[in-house]
Amino acid sequence: MHDTRSVANPSWISSVRAMYADDSAEADHVRAIHLATVVRLTPHTMMANIACVLGVLWSFYPDIHAGMWVWASLLLVICLTTLTKQALRRKKKFSSASAHTVHRATYHAVALSAAWAMFGIVWFADATAIQRMFIVALYGGMIGTAGFVLHPLPYASAWYVIILSLASLAALILGGDTDYWPMAILMCLYFPSVIYGSLSTWRHSTALIREESRSLRQEQMLSVLLSDYEQNAEDALWEIDKDGKLVHISPKLSHLLDIRVEQNATPSLLDTLQALRADGVLNLEKAIHTEKSFKEITLAFHGPNGEKHIQFNGKTLRTREGTLSGWRGVVSDVTQKVQSANLLRQLAHTDPLTGLSNRFKFRRTLMDLVDAEHPLALLNIDLNRFQNINSLHGHNAGDEVLALVARRIKRLVGPHAVAARLGGDEFAVILSTPEDIARCDQLAQQVNLNLQEPFVIGASRIHVRCSVGFAVSTDGQCAVDDIMMHAEVALASAKAGGPGRCVKFIAELGAISQRKKALEQGLRQALGRQEIQLLWQPKVDLATWHLVGCEALMRWHHPQLGVVYPEEFIPIAEQSGMIYSLGSWALLEACRLHAEDTDGINVSVNVSPIQLVDESFLSLLQHAIDRYGLPPHRLELELTESVFLESDSHAVATMRHIREMGVKLSLDDFGTGYSSLSYLRVFPFDTLKIDRAFVGERFHGDDAHALVQMITGLAGTLKMKTVFEGVETHEQLQIIQRAGGTGIQGNLVATPMTWQKFLEFRAAWKNQEPTAHDAKVTAIRRITP
């Protein structure tokens, strides 16, 4: 970073003086570079001076005095002489320059500026207004140009600017017109700024030149260090000239590249590598031809001791003029590193116990085949009651049996199949050749029969039975998940039939997939046929025991399949795009019914994350509120944690708009697998609905109370209410109460019911009359503190 201290700093002034007095080699080098910069611009500046002389003569024509002709001739002689000298030494390179040389440049600048100064002092007073304007503009331009062009020579720049500036002041004052005095004042302010800028630029360029010189010295020192490194390090240095010939062949380089002594003393690097038939030579050749630095280009070839891997790093070498002179770098033997990386890669794709492919490699292979629309067959193999082997013979024996099973499977399926251990006692085989696919039925039976042969582990003979389920995709059109599901369905059927069975997937076994398709087809007409119904489940505030809300729960009464719950048909609706029509209907219907008689009770409606990112959702919500006149604060939308999985900023923005409308938001199913405090900070919900799993099996244990208390404490800190779902027992209710829960919902209060039954339940609860609908209310009240 350049020093930005004032140019008036004594140390800085001493550095300027040193340029004109120091006889050291470094000072000669700095002066030479500065002088060369000025000399390169000299032809242009002299031509500019000639043009200015002609411009003056044109401005005063025809009233040109004899003295002016003499002055013009003198200036033209100076400029032409300078141009002639420059033409004679245009090929001269300045490697050094003495102090006398730069002093001579200062004298030249003084002479030239004095000639121009004489013109203004002598003829400005008698000039016309237009001529005076021309002279002032000419001097201003010359002062600025000189400050820029002559900045590498600070004395020359300063004297040129000072002489012309003083001449300008003299001309303006001697002109006798007070109207020009403001210009004189401006000139007094202008020329010091030009000098300051010129000297600052010189200072920065000088610092850069010195830094480049230091870099060059460091590079030379580095060359010495590299030579020492070459003698003692494990890697080898390489250097080639611009034609690709090796400049120096050290013993280490000769060993790495297997270069024989009897070979040419200066062989080509690329020819040497091509003679080794090394893989990756083209990459190295392309890198060299780009004339840019490169790193970590790896080549592999077979050496006397086996396969060898070497890695090249290199940078370009250039002359001071910037032309390419060659390349230099380091070549390393990375054989062990590459072999270790290959081993790690193999371990990442291999089951360590059996040596078969692991689940990751298995699925990757399956995806590649499916993407290529390649025919394939998939076998799923499950060892029956394998846990008995671990119990009777120990886990070490069980591991040995698994390894032997893997060995038999690998031997049976052949080299072209991919055998994998999916985990535990589950194996799978992918067949992809036409011959293997054609014999998959036979192969499944062979695996089954072969594994029935006993395994000898020490003194024990262990018998294993297995079940095999397999599926075939002959046209390659089956998706990955589908072919896996087909094989799993076939395996489940084989296991259901008893040990030692093999089952091929057929259409009859696809009941699950058929049911899904049937649901998807039926869902398209479900709303029109009025098969979708909303049920209502109450919510109770634990502090007041008031009925404070209810949740609208969707049920589908399928004409053939009976009652279908949201857990099954909502994912289908989301995948097929029908969630928009279902969600819109549920929201409108809930607002319609609830607006008729709110009685201070909130209504909760579930909203899919897919709905939330739909651009029309906010309009739909506003329409539902306006159409039925439901107060916005009486409506609560329940969202699941999956709304945050894609980090959708649009969804978060939509949620903020919903809050601005006055509608409440509830985070449903809190703690079901994606829970994170991060999105509770991103968006403040009104209510946390704790998933029924937290009040189910997780409540049986000493830590139940602490777990619930932690959740309610978190919600309290974030100023959120908590509603525990699925509360069914008095014990659960007591734990929730002691932990500070604010609300409950579940069968302990009431099961989901129709709207009419809900209205009756609400009236019975409010009036506290012991009716059939509030029997559970009475039971709850008995245990209330």
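Residues numbered from 1 in each chain as written. Predicted model: local features only at pLDDT ≥ 70, side-chain atom pairs only at ≥ 80, totals over all residues. Heavy atoms only, no water.

**Concerning the pairing of strand β12 (residues 532-541)**
Across the 10 residues of β12, 8 count as buried, placing the element largely inside the fold. Of the strand pairs in this sheet, β12 and strand β13 (residues 547-558) are connected by 9 bridges, and their pairing is antiparallel. Among the inter-strand pairings, Ile532 is bridged to a residue of β13, identified as Trp556. Count of turn residues in the β12/β13 antiparallel hairpin: 5 residues, of which Trp545 carries a positive phi of about 60°. Sheet topology places β12 next to strand β20 (residues 743-745); 2 bridges connect them, and they run antiparallel. Counterpart to Asp541 in the pairing with β20 is Gly743. (Buried < 20%, exposed > 50% of the residue type's maximum accessible area, 1.4 Å probe, protein only. Helix = DSSP H or I, 4+ residues; strand = E, 2+ residues; numbered from the N terminus. Pairing = 2+ DSSP bridges.)

**What about helix α26 (residues 730-739)?**
Taken together, the buried positions of α26 are Gln732, Leu733, Ile735, Ile736 and Ala739. Along the axis of α26, the buried positions cluster into a sector of 165°, meaning they face one direction only. Two residues or fewer past α26, Gly740 is found with a positive phi of approximately 95°. (Arc of directions from axis to C-beta.)

**Considerations on the nonpolar core**
Of all hydrophobic cores here, the largest spans 75 residues; its most connected members are Trp536, Leu587, Leu635, Leu637 and Phe685. Among the elements that make up this core, the one with the highest residue count is helix α20 (residues 579-596) (8 residues). Setting aside residues no more than four positions away along its own chain, Leu635 makes contact with Leu587, Cys591, Val603, Val605, Leu621, Ile625, Leu630, Val663 and Lys664. Of all hydrophobic cores here, the second largest spans 56 residues; its members include Phe119, Tyr139, Met187 and Trp202. (Core = buried A, V, L, I, M, F, W, Y, C linked by side-chain atoms within 4.5 Å. Contact = heavy atoms within 4.5 Å.)

**Brief notes about the pattern of salt bridges**
Evaluated as defined, the whole model comprises 14 salt bridges. One salt bridge in this structure joins Glu520 and Arg524, with 3.4 Å as the shortest N-O distance. A residue pair is termed a helical-turn pair when its members lie 3 or 4 positions apart in one helix, as Glu520 and Arg524 do in helix α18 (residues 511-526) at 4 residues. We note a salt bridge from Lys689 to Glu638, for which the minimum N-O separation is 2.9 Å. One end of the pair, Lys689, is in strand β18 (residues 687-690); the other, Glu638, is in strand β16 (residues 635-640), and 51 residues separate them in sequence. Judged by relative accessible area, Lys689 falls into the buried class, the value being 0%. Since its relative accessible area comes to 1%, Glu638 is described here as buried. Sharing partners across several salt bridges, the network here consists of Lys539, Glu551, Glu636, Glu638, Lys689 and Glu725. (Salt bridge = Lys/Arg side-chain N within 4 Å of Asp/Glu carboxyl O.)

**Examining the layout of surface pockets**
A volume near 1,100 Å³ is recorded for the largest pocket. If you trace the largest pocket, you find 40 residues lining it, with Pro566, Glu567, Asn606, Asp668 and Asp669 closest to the centre. For the lining of the largest pocket, the elements supplying multiple residues, two or more each, are β12, β13, α19 (566-576), α20, β15 (602-606), α21 (609-612), β16 and β17 (664-670). Residues of the lining of the largest pocket, tallied by class, amount to 16 nonpolar, 12 polar and 12 charged. (1 Å grid on protein atoms, 1.4 Å probe; cavity = no way out; pocket = protein on both sides within 12 Å on 5 of 7 lines; lining within 4 Å. Points joined across faces, edges and corners; volume = space filled by probe spheres on them. Nonpolar A, V, L, I, M, F, W, Y, C, P; charged D, E, K, R; others polar.)

**Examining the side chain of Ser59**
Secondary-structure assignment places Ser59 in helix α2 (residues 25-60). Given the relative accessible area of 16%, Ser59 is considered buried. Filtering out sequence-adjacent residues up to four positions away, Ser59 remains in contact with Gln131 and Phe134.

**Observations regarding the sheet that holds strand β2 (residues 294-303)**
Two strands in a sheet stick together by hydrogen bonds in their backbones, pointing the same way (parallel) or opposite ways (antiparallel). Within the open sheet, the 4 strands sit side by side as β1-β4-β3-β2. Their pairing is antiparallel. The open sheet has two edge strands, β1 (236-241) and β2, and neither has a second partner. Put simply, the sheet's adjacent strands are angled 30° from each other on average, direction ignored. Pairing of β1 with strand β4 (residues 324-333) involves 6 bridges; the strand directions are antiparallel. The residue bridging Leu237 from the neighbouring strand is Val330, located in β4. Of the strands in this sheet, β1, β2, β3 (306-318) and β4 touch helix α10 (residues 281-289), which is tilted by about 150° from β2. (Axes fitted to C-alpha atoms, helices over the stretch in contact; angles between N-to-C directions.)

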